[in-house]
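# Fold and contact review
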Amino acid sequence: MASRPVTAARQGPEPPKDDDLAMRFRAGDEVALREAYDRFGRAVLHLAASTLANRSDAEDVTQATFVAAWLGRETFDPTKGSLIGWLLGIGRRKVVDRIRASARENRVVETVKQLPEPVDTGPDPDTVVDRLVVADELARLPDEQRRMLELAFYDDLTHQQISAVTGVPLGTVKSHIRRGMQSLKRRWEVDGAAPGPRPAGLSGAR
């Protein structure tokens, strides 16, 4: 009886290239970061561009997505999903953040547009000096405190209006303004500035 030809044993499938890329990405391989951007960047950009009307915003979101992914690469678990799926998840959150930021910016613009036009009586030297002093002091405050005080001082918004245009809870707005005013007062006392009337917009709770 003729012997049967011996056939080579089938080998298992090679590990997918995406799995190897994911492992190298998580391990901090900068070459893998470039490969991931080249391979998946268009998908993230398409996700952002399909939601955001501004192409520039979509490109910013794409860049922010990969920055966040790289900085948080140790949180990526290849056993729970693919690298592209993880990147798209981050991209969706960045798109939502961009939409919320745009909405806040639009509310600020609309609120400012509704403010009455100031009566032009010419610049008051004392007022100009006060604004320069306040601007210098505001620049030294933490970002959130400075932002709230700028809206109150320069835009003359009430606490409720600041809460509406920024999306920050009213209690948090009041807290930031109170702490900011306390910091300004301490600095003015240290600098030897004579306490005078508060500038418009920085009065008490409104």
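For the structure itself, look to the data block above.
Residues numbered from 1 in each chain as written. Predicted model: local features only at pLDDT ≥ 70, side-chain atom pairs only at ≥ 80, totals over all residues. Heavy atoms only, no water.

### Digging into the environment of Ala 27
By the element assignment, Ala 27 lies in the loop between α1 (17-26) and α2 (30-49). A relative accessible area of 66% means that Ala 27 is categorised as exposed. It is 7.6 Å that separates the C-alpha atoms of Ala 27 and Glu 74, two residues lying 47 residues apart in sequence. (Helix = DSSP H or I, 4+ residues; strand = E, 2+ residues; numbered from the N terminus. Buried < 20%, exposed > 50% of the residue type's maximum accessible area, 1.4 Å probe, protein only.)

### Examining the pattern of salt bridges
Scanning the model with the defined rule gives 6 salt bridges in all. Among the salt bridges present, the one from Asp 38 reaches Arg 34, with a minimum N-O distance of 3.5 Å. One end of the pair is Asp 38 and the other is Arg 34, both in helix α2 and 4 residues apart, which spans about a single turn. An identical accessibility class is assigned to Asp 38 and Arg 34; each is exposed. Two residues, Asp 143 and Arg 146, come together in a salt bridge whose shortest N-O distance is 3.0 Å. (Salt bridge = Lys/Arg side-chain N within 4 Å of Asp/Glu carboxyl O.)

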